[in-house]
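The residues making up each chain are set out below.
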Amino acid sequence: MRWSREMDLISFVHPSSVIGRDRDKENIINFLMHPDASKTIHVISIVGLGGLGKTTLAKWVYNDESVVQTFQLRMWVCVSEDFSVIRLIKEILKSACGTIDENWNADISQTRLRELLKDKKFLLVLDDVWNEDHNKWIELRGLLIDGFKGSKIIVTTRSNLVASIMSSNSTYNLEGLSQDDCLSLFLKCAFEEGEDKQRPNLLNIGKEIVKKCKGVPLAVKTLGRLLYSKVDEREWEKVRDSEIWKLGQKESDILPSLRLSYDQMPNDLKQCFAFCSLFPKDHKYRSWYLVQLWMAHGLIRETSIDKKQELEDVGEMYINELVSRSFFQDVEKETLSGPFYTFKMHDLIHDLAISVAQGECSKVDLGNEDIVETVRHLSFSANDLGQEVPKCLDKLTKVRTAILFETHHPPLSLIEACILRFKSLRLLDLNDSSFEVLPNSIGTLKHLRYINLSGNKRIKELPNSICKLHKLQTLLLLGCRKLERLPKDMRNMISLRCLFVTTMYTCLLENGSLNSLRILIVFSCPRLEVLFQGMDGYGLTNLRTLSIYYCPGLTSLSLNIKHLTALETLKIARCPKLNGILGEDNQDIKLSLRNLRICNLSKLKVLPQWLQGSANTLKFLEIRDCEQFSALPEWLPTFKSLQTLVIIKCPKMSSVPEGTHCLTALRKLTITGCPELIRKCQCEDQHKIAHVPKVRLY
């Protein structure tokens, strides 16, 4: 397997990444700016085949500066095949407000939407619409009419019928790219800049491949990235001359280019990709989550590249590879829980995943009871499953995955059925469920490696039998607000690598050892006073990521940094009573910290001396909302690997240490809310940071 270039983590469409759509963008914007006094809301539908770039074009328009300035409110909703009006109302509200109460009923949600839109000129994008029920659209449209005249709705769809049902005032038929534009896109994906001129033989083959893509950007991009870094003519010819191109192509078929790219994948990557079919279209995947799922099934294997690499690292490489092949897109950083990120899958890529996973993966809902007996991976995706256990489960004996997706109130009988019937279960995901008691029989699933109970606001305790799961690698308990304490025998979980937890107890763990633990996220624990009691870090020698958020009563971590030699990411936020970060303030400790983020620690005055032990490894340092923090240390210039330095709202900061200009790796410096420090940086000390390409001082 080739490991690709480092991912560019972006949350918007950069103009330089869009080729051949300038005129289309101009036409759409002209429509948005065109006033019409006769109608309150105008609808424009962008119609075209899958993979033509409808969503990319809509995003480009959505983020255009003139559009941003014209509309008071902009909202983006991925619709896909589920045109549930109440769901769309909530998604519109979330797009505008960030978060909402998921328990709002239809009446409350409709009232809030009307209040939000009243007398505001808004732009709403409904992306990837499949709805052919005119009544549903009329119902939704009736809730949008309170907006100010000149409000606009952009719909993206593959169907002209859908466009007409959505009462489009204008339909914009998106055409394929020209051959010249397709070739430009292909060259950008397949070659380093200027390399195509050095390899005319490959360029000529590339031109023939581009012709077969018929103007579809997704096809061009996918094959270009497939061939990136390959210099053997035979590999290029194999793509050009593949028999797949000869297959009859219908509108609903998988694009030959996507099938070709899939066929070229290593087997391990194929299995990981197929597993993604369990999730619905437009699902936002989380890197750490997906890696843990893959690990639970043994889909990630150690590489021959570096025997010391952790499985989590290899999983990240798999994701990186799928991004580089355009199988994942819309990559965004996720700052809360660690060095992780989110991404999505194009709906055509998702169709491919479903196609290759047939017989292995299946979804269970009221409309899908016909499931083959050989299926191994199940997801339950309907909120209206009812209280009866689906009869199709009776004949299944080989199930290894059960994911209850978007089933906020699954019957306990369904959970018990999964535990009692699926004895080979490796993965049980009960996210956002609401039962009070996890069945004691959970301890009988001796093969279980992953269990997710996050978001359960009713469960108070876990049965101690869960500690019999000696192969369990991942235990997720985030948002379990009433969880009183962790089981007393957790030290028996000898394989546990990932623990996310919310608890009401004062101590996370007492006199235990979790030697296999790699990731620990502690979130929103209002009564937590001490992280560990009687451990001092001895039992956490393999811990790589430690994140602690919203623990207002926490006074001590009871951890000694000298024992955390594998720690790479440390994030602590909103723990106002915390005295110091970690113990043993000794500058001679050898560490491997890469990311340090400290927020809302009101007692923090200076960085600890032990941080010097990471002088060769630290890449990211952020200090935010630390009112007592007074100065960066004089030894900071010795951090030759530091790439990003962020200092926000530290009013007592007054100077940058001498020699800061020696931070030759520094690529981004942000200073805000530090008035005295900013003044000095802008005046006499400006030469200290003159080498930094991206400097923001305000």
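Whatever comes next refers back to the structure up there.
Residues numbered from 1 in each chain as written. Predicted model: local features only at pLDDT ≥ 70, side-chain atom pairs only at ≥ 80, totals over all residues. Heavy atoms only, no water.

1. Brief notes about the overall build of the protein chain
Along the backbone of the protein chain there are 19 helices and 25 strands. A total of 698 residues make up the protein chain; the buried ones form 54% of that total. (Helix = DSSP H or I, 4+ residues; strand = E, 2+ residues; numbered from the N terminus. Buried < 20%, exposed > 50% of the residue type's maximum accessible area, 1.4 Å probe, protein only.)

2. Focus on the packing of aromatic side chains
We describe a pair of aromatic rings using the distance from one ring centre to the other and the angle between the two ring planes. All told, the structure shown has 18 aromatic pairs when counted by the stated rule. Ring geometry for Phe279 versus Tyr285: centroids 5.5 Å apart, planes at 75°, classification edge-to-face. The exposure class assigned to Phe279 is buried, which follows from its relative accessible area of 1%. Owing to a relative accessible area of 2%, Tyr285 belongs among the buried residues under this scheme. The rings of Phe279, Tyr285, Trp288, Tyr289, Phe328, Tyr341, Phe343, Tyr450 and Phe500 are connected pair by pair, giving a single aromatic cluster. The positively charged end of Lys270 is found above the aromatic ring belonging to Tyr262, 5.3 Å away from the centroid. (Phe/Tyr/Trp six-rings, centres within 6.5 Å; stacked < 30°, edge-to-face > 60°. Lys NZ or Arg CZ within 6 Å of the ring centre and 35° of its normal.)

3. Comments concerning empty space enclosed by the protein
Leftover empty space is mapped by rolling, across the atoms, a probe with the size of a water molecule. Scanning the model with the defined rule gives one cavity of 30 Å³ or more in all. Estimated volume of the largest cavity: approximately 50 Å³. Around the largest cavity, the lining is made up of 10 residues, and of these Leu632, Leu645, Val656, Thr660 and Leu669 lie nearest the centre. The set of elements that each furnish at least two residues to the lining of the largest cavity consists of strand S23 (644–648) and strand S24 (668–672). Considered class by class, the residues forming the lining of the largest cavity number nine nonpolar, one polar and no charged. (1 Å grid on protein atoms, 1.4 Å probe; cavity = no way out; pocket = protein on both sides within 12 Å on 5 of 7 lines; lining within 4 Å. Points joined across faces, edges and corners; volume = space filled by probe spheres on them. Nonpolar A, V, L, I, M, F, W, Y, C, P; charged D, E, K, R; others polar.)

4. A few points about helix H12 (residues 233–240)
Think of an α-helix as 3.6 residues a turn; residues three or four steps apart then line up on the same face. When we look at burial in H12, the residues that qualify are Trp236, Val239 and Arg240. The buried residues of H12 all sit within an arc of 100° when viewed along its axis, so they share a single face. For H12, the exposed residues lying more than 90 degrees away from the buried face are Arg234 and Lys238. Of the surrounding elements, those touching the buried residues of H12 are helix H8 (179–190), helix H10 (200–212), helix H11 (217–227) and helix H13 (256–263). Where H12 starts, the residue carrying a side-chain oxygen 2.9 Å from the main-chain nitrogen of Arg234 turns out to be Asp232. (Arc of directions from axis to C-beta. Contact = heavy atoms within 4.5 Å. Polar contact = N/O pair within 3.5 Å; in protein donor to acceptor, adjacent residues only side chain to side chain.)

5. Brief notes about the environment of Ile678
Mapped onto the elements, Ile678 comes out in helix H19 (residues 675–682). Looking at Ile678, the relative accessible area reads 9%, which means it is buried. Each C-alpha atom of the pair Ile678 and Ser655 lies 8.7 Å from the other, and the pair is 23 residues apart in sequence.

6. Overview of the pairing of strand S20 (residues 569–573)
For S20, the tally of buried residues reaches five of five residues, placing the bulk of the element in the interior. Covered by surrounding structure in S20 are Thr569, Lys571 and Ala573 together with Leu570 and Ile572, the residues of both alternating faces. One ladder, built from five bridges, connects strand S19 (residues 545–549) with S20; its direction is parallel. From the neighbouring strand, Leu546 faces S20, where its bridge partner is Leu570. Note that S20 and strand S21 (residues 595–599) share five bridges and pair parallel. Opposite Lys571, over in S21, you have Arg597 as the bridge partner. (Pairing = 2+ DSSP bridges.)

7. As for the sheet that holds strand S1 (residues 41–47)
In spatial order, the strands read S2-S3-S4-S1-S5; together these five strands make up an open sheet with parallel pairing. Among the strands making up the open sheet, the edge pair consists of strand S2 (73–80) and strand S5 (170–173). Taking the axes of each pair of neighbouring strands and ignoring which way they run, one obtains an average angle of 15° across the sheet. In this sheet, strand S3 (residues 122–129) lies alongside S2 in parallel orientation, the contact comprising seven bridges. Paired with Trp76 across the strands is Val125, a residue of S3. Against the sheet, helix H4 (residues 85–97) touches S2 and S3, its axis set at about 140° to S2. (Axes fitted to C-alpha atoms, helices over the stretch in contact; angles between N-to-C directions.)

8. Describing the packing of H11 against H13
Two quantities define a packed helix pair, namely the angle between the axes and the distance from one axis to the other. The geometry of H11 relative to H13 is characterised by a closest axis approach of 8 Å and an angle of 20° between their N-to-C directions. As the angle between them shows, H11 and H13 are arranged roughly parallel. As for how H11 packs across H13, the hand of that crossing is left-handed. Only Ser257, Leu258, Leu260 and Ser261 of H13 make contact with H11, whose side of the interface consists of Leu218, Ala219, Thr222, Leu223 and Leu226. Looking at the contact of H11 with H13, its residues break down into six nonpolar, three polar and no charged. (Parallel < 35°, antiparallel > 145°, perpendicular 65-115°, else oblique. Left-handed = near helix turned anticlockwise from the far one by under 90°.)

9. Some thoughts on the pattern of salt bridges
Where charged atoms from two side chains of opposite charge approach closely, those side chains can pair. Tallying each qualifying case throughout the model produces 27 salt bridges. With a closest N to O distance of 3.1 Å, Asp24 and Arg21 form a salt bridge. No difference in accessibility class separates Asp24 from Arg21, as the two residues are buried. Residues Lys281 and Glu81 are paired through a salt bridge, measuring 3.5 Å at the closest nitrogen-oxygen approach. Residue Lys281 is located in the loop between helix H14 (267–275) and strand S6 (285–286), and its partner Glu81 is located in the loop between S2 and H4; the two are separated by 200 residues in the primary sequence. Exposure remark for Lys281: the relative accessible area of 15% places this residue in the buried category. Its relative accessible area of 55% is what places Glu81 among the exposed residues. Here the residues in one salt-bridge network are Glu81, Arg158, Lys281, Asp347 and Asp351, joined through shared partners. (Salt bridge = Lys/Arg side-chain N within 4 Å of Asp/Glu carboxyl O.)

10. Notes on the side chain of Thr401
The residue Thr401 is located in strand S11 (residues 401–404) in this model. Ignoring anything within four residues of it in the chain, the contact list for Thr401 reads Phe275, Leu278, His297, Arg376, His377, Leu378, Leu425 and Leu427.

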